[in-house]
There are 2 protein chains.
Amino acid sequence: MRNRTSAAPTMKDVAAEAGVALGTVSKVFNDLPVRPESRRKVLDAARKLGYSVNSYARGFKTNKTRTVALIWPTLRNPFFAYLSDAMIGVLMRREYRAIVTITNYDKQAEQRCLDMVRQNKVDGIIALTYNPDLEVDPAIPFVSIDRHFRAEVPCVSSDNFGGGQLAARKLLELGCRKLLFLRLGTDVASEADKRRAGFEAVCREGGVPFESLSVQNEEGFAPFDTFLDAHTHDGVFDYDGVFCNTDRLCYEIEKRLRAREVRIPDDVQMIGFDGIYRFDSEDLHCSTIVQPVGQIARTAVDLLLSPDRASLPALVCLPVSYRPGGTTKDGG
Amino acid sequence: MRNRTSAAPTMKDVAAEAGVALGTVSKVFNDLPVRPESRRKVLDAARKLGYSVNSYARGFKTNKTRTVALIWPTLRNPFFAYLSDAMIGVLMRREYRAIVTITNYDKQAEQRCLDMVRQNKVDGIIALTYNPDLEVDPAIPFVSIDRHFRAEVPCVSSDNFGGGQLAARKLLELGCRKLLFLRLGTDVASEADKRRAGFEAVCREGGVPFESLSVQNEEGFAPFDTFLDAHTHDGVFDYDGVFCNTDRLCYEIEKRLRAREVRIPDDVQMIGFDGIYRFDSEDLHCSTIVQPVGQIARTAVDLLLSPDRASLPALVCLPVSYRPGGTTKDGG
């Protein structure tokens with residue numbers, strides 16, 4: 001690392017070099033909206049002047065490492081890949097590095113990841129975990145995604161309850177009369193459980209007949225097959241509206257219903273949850289409740305880097321939206 | 001960071017605690033095959049004894065940071081997400097941290113990522129980039145994926161030429177008589193260009209009529225639409241076998257041919273490249289040439305961490321395989 005004895009470039013220098021206002025430079029480095037052209041100019045000027053070098057040096061001075069650890073179950077699930085991509089992007093725009101660790105849903109691996117990043121100085125940790133007994137070092141800022149540990153650990157999630165309500169209302173609006181909720185997941189309590197609660201609340205309020213089936217990851221899809229066999233007769237399924245707790249599950253159930261010659265969306269309409277695209281196209285796998293991935297990423301980083309750690313919210317729920325994707329009668 | 005003056009635990013201590021042979025402990029930390037049960041015991045024992053703490057300390061002593069930077073275009077493309085997941089896994093098993101940076105295919109962002117990680121001490125960089133003029137610091141070990149810079153920078157890729165040959169041979173074996181190669185990508189020379197070369201070599205050898213169409217990312221899918229319009233008449237396409245340079249492109253072309261009422265795979269058979277699953281299922285998007293993601297990850301890390309930097313290969317091509325996935329007559 002080279003020594004700098006001369007005055008380091010300031011934001012003002014960058015603004016002058018880029019030919020933009022000082023406020024624009026500040027916006028770029030605080031990840032606020034700026035015209036792409038201006039952003040490019042600022043980043044080029046910063047690079048030319050070595051401004052980023054100086055900002056890292058500033059980090060060292062303040063005993064900050066400008067490093068954040070992200071702990072994910074896997075990147076093979078596209079929802080986590082999208083979320084990870086968005087968070088790394090937000091962190092980089094704020095000149096933070098992201099250390100990414102993968103747990104493969106293993107509770108011991110989650111603790112090992114935490115221990116590992118604790119040994120290295122990091123400024124904070126953002127994690128999506130399944131270990132309810134995770135020992136979190138209170139000295140390191142920590143933000144949890146989808147999992148609410150306790151009041152001191154802020155949790156960011158989608159409005160899962162509202163998403164469940166939205167799915168039920170949409171199915172009813174599209175003419176469904178007998179609804180089904182399907183869930184595949186772990187038995188660890190999670191914000192995502194509220195998808196079911198929201199869905200059932202709408203059914204109960206409206207006096208709509210419904211059923212819910214909850215299956216644990218370890219059991220795989222076999223219990224669903226048994227259920228589908230019992231409820232399908234000559235291509236007719238006992239339910240005409242199905243809400244699945246993820247797009248992934250919706251895809252598997254759709255495949256299984258089609259194999260039983262059930263017509264989708266003509267006779268059965270289906271809605272998933274997540275809003276995952278096929279590849280990086282804009283094609284959804286199914287009609288779905290879309291999670292605001294970019295907003296989750298920005299909010300988690302905001303909370304993590306907030307200087308005012310005493311007054312952080314315990315839970316932030318971000319708004320979801322509905323998008324048709326071919327498994328409902330409204331197209332897509 | 002706490003001081004350690006007492007003797008730090010050794011691999012021998014870990015072996016004793018875990019009740020396994022010393023060789024097993026060594027295998028675990030060198031990412032060699034070990035029974036999952038043994039791996040678990042070793043990692044638990046290492047954690048209990050604080051062995052990993054010591055190994056990081058050893059890292060500091062030897063002036064190693066045990067940190068590797070991964071530079072990716074995006075994690076929204078599932079192939080990159082899979083590869084990234086595999087590399088982070090390999091690095092973690094060897095007790096290395098992964099700093100992940102995202103360039104969004106931007107050449108200036110690639111250079112900024114490189115400069116950023118260079119300022120922080122990292123033990124090496126693995127990158128998939130599109131900037132042919134990337135300034136790589138010769139002092140830091142660097143392994144390139146799919147992009148061959150020059151002899152000193154080892155490149156790891158799939159056997160793209162062999163994959164192109166395999167696709168052509170498979171289409172011919174399945175009865176196709178007039179072949180088409182389609183490519184979407186950047187104009188930067190890449191190992192992936194050999195997919196086309198291998199495909200065309202087989203066509204030429206066999207005297208099979210074929211055509212190739214190459215479109216740049218910036219042009220999007222519009223040139224393909226023009227081409228498909230010109231070559232489709234009443235649901236009949238002028239070619240009966242299509243090889244696309246990625247699964248992503250194969251998916252888009254299939255959608256467009258179906259919209260023109262072309263029957264797939266009955267009248268036109270299609271093969272993609274990558275071997276991407278829908279979600280983390282085992283369902284492919286199309287029949288495809290599968291890249292060995294795990295092997296690419298292990299090989300790249302092996303080369304990066306090799307102590308013998310003078311005798312590294314310039315290019316390592318790893319074997320691909322074919323898997324039917326519904327767009328060919330052999331099922332899947």
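Our structure is the block above this text.
Please read all numbers here as calculations on a predicted model, not as lab measurements. (Residues numbered from 1 in each chain as written. Chains lettered and ligands numbered in written order. Predicted model: local features only at pLDDT ≥ 70, side-chain atom pairs only at ≥ 80, totals over all residues. Heavy atoms only, no water.)

*Asks:* Can you tell me about the overall build of chain A, naming the residues and giving the values?
*Replies:* Across its full length, chain A holds eleven helices and 14 strands. With respect to the three principal axes, the spread of C-alpha positions in chain A is 80 × 45 × 35 Å. For chain A, the proportion of its 332 residues judged to be buried stands at 59%. Relative to all contacts within chain A whose residues are 6 or more apart in sequence, the contacts with residues 24 or more apart total 67%. In the structure as shown, chain A presents an accessible area of about 13900 Å², 50% of it carried by carbon and sulfur atoms. For chain A, the distance from the average site of its 44 positive side-chain charges to the average site of its 44 negative ones is 9 Å. (Helix = DSSP H or I, 4+ residues; strand = E, 2+ residues; numbered from the N terminus. Buried < 20%, exposed > 50% of the residue type's maximum accessible area, 1.4 Å probe, protein only. Contact = heavy atoms within 4.5 Å. Areas by Shrake-Rupley, 256 points an atom, 1.4 Å probe, with all protein chains shown as cover. Lys, Arg positive; Asp, Glu negative; His and termini not counted. Charge placed at Lys NZ, Arg CZ, Asp CG, Glu CD.)

*Asks:* Now, about the side chain of Thr-67 of chain A: what can you tell me, with residues and values included?
*Replies:* Residues and elements named next belong to chain A. In this structure, Thr-67 sits in strand β1 (residues 67-72). At a separation of 3.0 Å, a polar atom in the side chain of Thr-67 contacts the main-chain carbonyl oxygen of Thr-65. Dropping the residues within four chain positions of it, Thr-67 is found in contact with Tyr-96, Arg-97, Ile-99, Val-122, Asp-123 and Gly-124. (Polar contact = N/O pair within 3.5 Å; in protein donor to acceptor, adjacent residues only side chain to side chain.)

*Asks:* Break down the sheet that holds strand β6 (residues 179-185) of chain B for me, with residues and values.
*Replies:* All names here are of chain B. Strand order across the open sheet formed by six strands is β7-β6-β10-β11-β12-β14, with mixed pairing between neighbours. On the outer flanks of this sheet lie β7 (210-216) and β14 (321-323), each paired with one strand and no other. Across this sheet, the average inter-strand angle for adjacent strands is 20 degrees, counted without regard to direction. Relative to β7, helix α9 (residues 222-231) is tilted by about 155 degrees, and along the sheet it contacts β6 and β7. (Pairing = 2+ DSSP bridges. Axes fitted to C-alpha atoms, helices over the stretch in contact; angles between N-to-C directions.)

*Asks:* Any details on the interface of chain A and chain B? Residues and values, ideally.
*Replies:* Taken together, the contact pairs 46 residues of chain A with 46 residues of chain B. Surface buried jointly by chain A and chain B totals about 4800 Å² across both partners, of which 57% is contributed by carbon and sulfur atoms. Linking chain A with chain B are six salt bridges. Two residues, Asp-280 of chain B and Arg-248 of chain A, come together in a salt bridge whose shortest N-O distance is 2.6 Å. (Buried area = accessible area lost by both parts, 1.4 Å probe. Salt bridge = Lys/Arg side-chain N within 4 Å of Asp/Glu carboxyl O.)

*Asks:* An account of the sheet that holds strand β11 (residues 269-274) of chain A is requested, with residue identities and associated values reported.
*Replies:* The strands that make up a sheet are held in pairs by hydrogen bonds between backbone atoms, and each pair lies either parallel or antiparallel. Residues and elements named next belong to chain A. Sheet architecture is open: six strands sit in the order β7-β6-β10-β11-β12-β14, paired in mixed fashion. The sheet terminates laterally at β7 (210-216) and β14 (321-323), the two strands that pair on one side only. The average angle at which neighbouring strand axes cross in this sheet is 20 degrees, direction not considered. The sheet strands contacting helix α9 (residues 222-231) are β6 (179-185) and β7, and the helix crosses β7 at an angle near 155 degrees.

*Asks:* Give a description of the relation of the copies chain A and chain B that names residues and reports values.
*Replies:* Mapping chain A onto chain B calls for a screw motion: a turn of 180 degrees about the axis and a shift of 0.1 Å along it, with 0.2 Å RMSD after fitting. Each copy turns onto its partner about a two-fold axis. In terms of proximity to the rotation axis, the leading residue of chain A is Ile-99 of chain A, whose C-alpha is 2.2 Å off the axis. An overlap of 100% is found between the interface residues of chain A and their copies at the interface of chain B, pointing to a shared contact surface. (Least-squares fit on C-alpha atoms with pLDDT ≥ 70 in both.)

*Asks:* Mind laying out the pairing of β11 of chain A, listing which residues take part and the relevant values?
*Replies:* A regular strand places its side chains on the two faces of the sheet in alternate fashion. Residue and element names in this part refer to chain A. Among the six residues that make up β11, six are buried, leaving the element largely enclosed by the rest of the structure. By the alternation rule, side chains of β11 split into Gln-269, Ile-271 and Phe-273 and Met-270, Gly-272 and Asp-274, which are all buried. Pairing of strand β10 (residues 241-244) with β11, which is carried by three bridges, proceeds in the parallel orientation. Bridge pairing in β11 places Val-242 opposite Met-270.

*Asks:* Describe in detail the pattern of salt bridges, supporting the description with residues and values.
*Replies:* A side chain with one charge may pair with a side chain of the opposite charge, provided their charged atoms come close. Under the definition given, this model contains 40 salt bridges over all chains. We note a salt bridge from Arg-94 of chain A to Asp-302 of chain A, for which the minimum N-O separation is 2.9 Å. In this pair, Arg-94 of chain A sits in the loop between α5 (78-93) and β2 (97-102) while Asp-302 of chain A sits in helix α11 (residues 293-305), placing the two residues 208 residues apart along the sequence. Look at Asp-302 of chain A and you get partly exposed, because its relative accessible area is 41%. With its nearest N and O atoms 3.6 Å apart, the salt bridge here joins Arg-260 of chain A to Asp-225 of chain A. You can see Arg-260 of chain A sitting in the loop between α10 (247-259) and β11 and its partner Asp-225 of chain A sitting in helix α9, a full 35 residues away along the chain. One network of salt bridges, with partners in common, ties together Asp-225, Asp-229, Arg-248, Glu-252, Lys-255, Arg-256 and Arg-260 of chain A together with Asp-280 and Asp-283 of chain B.

*Asks:* Talk me through the nonpolar core; I want residue IDs and the actual numbers.
*Replies:* In terms of nonpolar packing, the biggest core is built from 78 residues, with Leu-70 and Ile-126 of chain A together with Leu-70 and Ile-126 of chain B touching the most fellow members. Once residues lying within four places of it in the same chain are set aside, the contact partners of Ile-126 of chain A are Val-68, Ala-69, Leu-70, Ile-71, Met-87, Val-143, Ile-145, Ala-300, Val-301 and Leu-304 of chain A. (Core = buried A, V, L, I, M, F, W, Y, C linked by side-chain atoms within 4.5 Å.)

*Asks:* Tell me what's going on with the packing of aromatic side chains, and back it up with residues and numbers.
*Replies:* All names here are of chain A. Taken as a whole, this structure holds 25 aromatic pairs over all chains when the rule is applied. Pairing Phe-181 with Phe-199 gives two aromatic rings, centres 6.0 Å apart and planes at 40 degrees, and the pair type is tilted. Within this pair, whereas Phe-181 is found in strand β6, its partner Phe-199 is found in helix α8 (residues 194-206), the two being separated by 18 residues in sequence. For Phe-199, a relative accessible area of 0% gives the class buried. (Phe/Tyr/Trp six-rings, centres within 6.5 Å; stacked < 30°, edge-to-face > 60°.)

*Asks:* Hey, could you go over helix α7 (residues 160-173) of chain A for me, with residue numbers and the actual values?
*Replies:* Residues and elements named next belong to chain A. A rise of 1.5 Å per residue sets the reference length of α7, with its 14 residues, at 20 Å; its end C-alpha atoms lie 20 Å apart and thus fit the reference within 8%. Judged by how many residues are buried, α7 sits mostly within the fold: ten of 14 residues are covered. Within α7, burial applies to Asn-160, Gly-162, Gly-163, Gly-164, Gln-165, Ala-167, Ala-168, Lys-170, Leu-171 and Leu-172. With its phi angle positive at about 100 degrees, Gly-175 sits one or two positions after the end of α7. (Expected span 1.5 Å × (residues − 1).)

*Asks:* With reference to specific residues and values, describe the packing of helix α1 (residues 11-18) of chain B against helix α2 (residues 22-29) of chain B.
*Replies:* Residue and element names in this part refer to chain B. Close contact between α1 and α2 brings their axes to 8 Å; oriented N to C, the two are set at 110 degrees. Our classification of the angle between α1 and α2 gives roughly perpendicular. With respect to the hand of their crossing, α1 and α2 are arranged in right-handed fashion. Mapping the contact onto sequence places Met-11, Lys-12, Val-14 and Ala-15 in α1 and Leu-22, Val-25 and Ser-26 in α2. Of the residues belonging to the contact of α1 with α2, the class tally is five nonpolar, one polar and one charged. (Parallel < 35°, antiparallel > 145°, perpendicular 65-115°, else oblique. Left-handed = near helix turned anticlockwise from the far one by under 90°. Nonpolar A, V, L, I, M, F, W, Y, C, P; charged D, E, K, R; others polar.)

*Asks:* Kindly report on the state of the cysteines, identifying the contributing residues and their values.
*Replies:* For the structure on display, the rule yields zero disulfides over all chains. In this structure Cys-155 of chain A is not part of a disulfide, and its nearest cysteine sulfur, from Cys-317 of chain A, lies 7.3 Å away. Assessed through its relative accessible area of 0%, Cys-155 of chain A is described here as buried. Its sulfur unpaired, Cys-250 of chain B is 3.7 Å from the next cysteine sulfur, which belongs to Cys-286 of chain B. (Disulfide = S-S within 2.5 Å.)

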